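# Structure at a glance
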Amino acid sequence: MKIIAADVIVSSPGRNFVTLRVTTEDGVTGLGDGTLNGRELAVEAYLREHVAPLLVGRDAGRIEDTWQYLYRGAYWRRGPVTMAAVAAVDMALWDIKAKAAGMPLYQLLGGASRTGALAYGHASGRDVPEILDSVRAHLAQGYRAIRIQSGIPGLDSVYGVASPAAPGQRYDYEPARRSQDAHPRPPEEQWDTRAYLRHMPRVFEAVREEFGPELPLLHDGHHRMTPIQAARLGKDLEPYDLFWLEDCTPAEDPTALRLVRQHTTTPLAIGEVFNSLHDYGPLLSERLIDYVRSAVTHVGGVTAMRKLLDLAAVHGVKSGIHGPTDISPVGMAAALHLDLAVHNFGIQEYMPHTERTLEVFRTSFTFEDGLLHPSDTHGLGVELDDEAAARFPYVPAYLPVNRLTDGTVHDW
Ligand code: GCO
Ligand code: MG
């Protein structure tokens, strides 16, 4: 199955996506997601200039060999741009292999280990009443696990908080701001860790009081705390029995979690900004975390994610694959096939894409009774409509920059 074409499609149906389509001489096509939020065109150029020309003429069936050829063969290893590009190729080749085999991808990964993947949705609000409404809206949509993000008194805009434009409207959260300006700049947000640490336990107290002890609740600290601050938050949240506390300390220093772990039994998750299983350092071998949060798109594809999850399983760590809207429906489908197949599945993040996005990406996965399923469509189960994609050209968009109240740049 010789590869005859590798085309990169950048589209912006509400937000930007980088998609690779690999075509074989027998006319089988495969899709891969290479979206890197706010740096999309770097991956596009990497794929178009340095990867696509190497793919043409190769055997599409040699997935592991192609992965190693692109990873080791570049000499320069890891990094978010390289690994998103490698991931796009890897997903496309798995899509082709599964289509050629006449199977959904999860069958090639060992078959289903469960009937569906437990998904968590994103509830948020500027204050407690808005958060409670948002949780209710998510429960009504069938979610059985919910992440809670809250506004902080005294701060104007905070990570993770979406507000309904009108009562009853969907709570969409999309942090990357699009701009047609000639010189677009990232939006700016404000931060005060002490105010946050005082406020969050009150939020979880109110949510538990309203919804009882059973509902799995999650929270994302988005890399903003020092180890000792994170240890305090973990302890303060223990009475509310979180499913996980995510990204409590900066991602560059996995050893920071040693101190957090010594102080709290709140389960910990990290990994969405890692781009290699090597970034986990001692986190797995020392059992410093409970869930790995890598995205299939950013860790190097299905091949790399499978190895990461197998390594995690050896240390009793489960999956919590990253699934915000900047993971395209292709990357999301890849996650769902893995979720269904691996034994150490934990939970799957799910932020539904907008209708406009779904005009470009024709998906077949389902969400029913709180569970996601990749469907039995052969391959990944996603196709890209080129005509629709052409209607939504790239729009520059940047993630926010975060500043402390005195103006110092802080982790966003
Ligand atoms: C999450 C993430 C996202 C990221 C976003 C950046 O847990 O889903 O933290 O909200 O901020 O994916 O591109
Ligand atoms: Mg996160």
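Relevant structure appears above.
Report follows, based on the coordinates. (Residues numbered from 1 in each chain as written. Chains lettered and ligands numbered in written order. Predicted model: local features only at pLDDT ≥ 70, side-chain atom pairs only at ≥ 80, totals over all residues. Heavy atoms only, no water.)

## Topic: the coordination of the magnesium ion (ligand 2)
The test is simple: Metal donors were taken as nitrogen, oxygen and sulfur atoms no farther than 2.8 Å from the ion, or 3.2 Å where the ion is Na, K or Ca. Water is excluded, so coordination may look unfinished. Counting from the N terminus, the helices are DSSP H or I runs at least four residues long and the strands are E runs at least two residues long. Working definition: with a 1.4 Å probe on protein chains only, accessible area under 20% of the residue-type maximum means buried, over 50% means exposed, and in between means partly exposed.
Listed as protein donors to the magnesium ion (ligand 2) are D220 (OD), E246 (OE) and E272 (OE); their distances from the metal cover 2.0 to 2.1 Å. Look at where the donors of the magnesium ion (ligand 2) fall in the sequence and you get D-x25-E-x25-E. Of this pair, E246 sits in strand β9 (residues 244–246) while E272 sits in the loop between β10 (268–270) and β11 (291–292), and the two are 26 residues apart along the sequence. You can call E246 buried: its relative accessible area is 0%.

## Examining the environment of T354
You can see T354 is positioned in the loop between β13 (347–349) and α12 (355–360). By relative accessible area, which is 34% here, T354 ends up partly exposed. Sequence-wise, T354 and H278 are 76 residues apart; in three dimensions their C-alpha atoms are separated by 34 Å.

## Looking at the packing of aromatic side chains
The following threshold applies: Stacked, tilted and edge-to-face pairs are distinguished by plane angle, under 30 degrees for stacked and over 60 for edge-to-face with tilted covering the rest, among Phe, Tyr and Trp rings (Trp via its six-membered ring) whose centres lie within 6.5 Å. Note on geometry: a ring has a charge over it if NZ (lysine) or CZ (arginine) is within 6 Å of the ring centre and within 35 degrees of the ring normal.
Counted according to the given criterion, the structure contains 14 aromatic pairs. Seen in terms of ring centroids, F243 and Y291 are 5.0 Å apart; in terms of plane orientation they differ by 25 degrees. Their pairing is stacked. Separated by 48 residues along the polypeptide, F243 in the loop between α7 (227–237) and β9 and Y291 in strand β11 bring together distant segments of the chain. Neither residue differs from the other here; F243 and Y291 are each classed as buried. Pairing W244 with Y291 gives two aromatic rings, centres 5.2 Å apart and planes at 55 degrees, and the pair type is tilted. Here Y291 lies in strand β11 and W244 lies in strand β9, a separation of 47 residues in the sequence. An aromatic cluster of at least three residues, connected via ring pairs, comprises Y120, F243, W244 and Y291. Sitting over the face of the ring of Y69, R58 holds its NZ or CZ atom 4.3 Å from the ring centroid. Against the face of W67 rests K307, its NZ or CZ located 5.8 Å from the ring centre.

None of this, on its own, says anything about what the molecule does.
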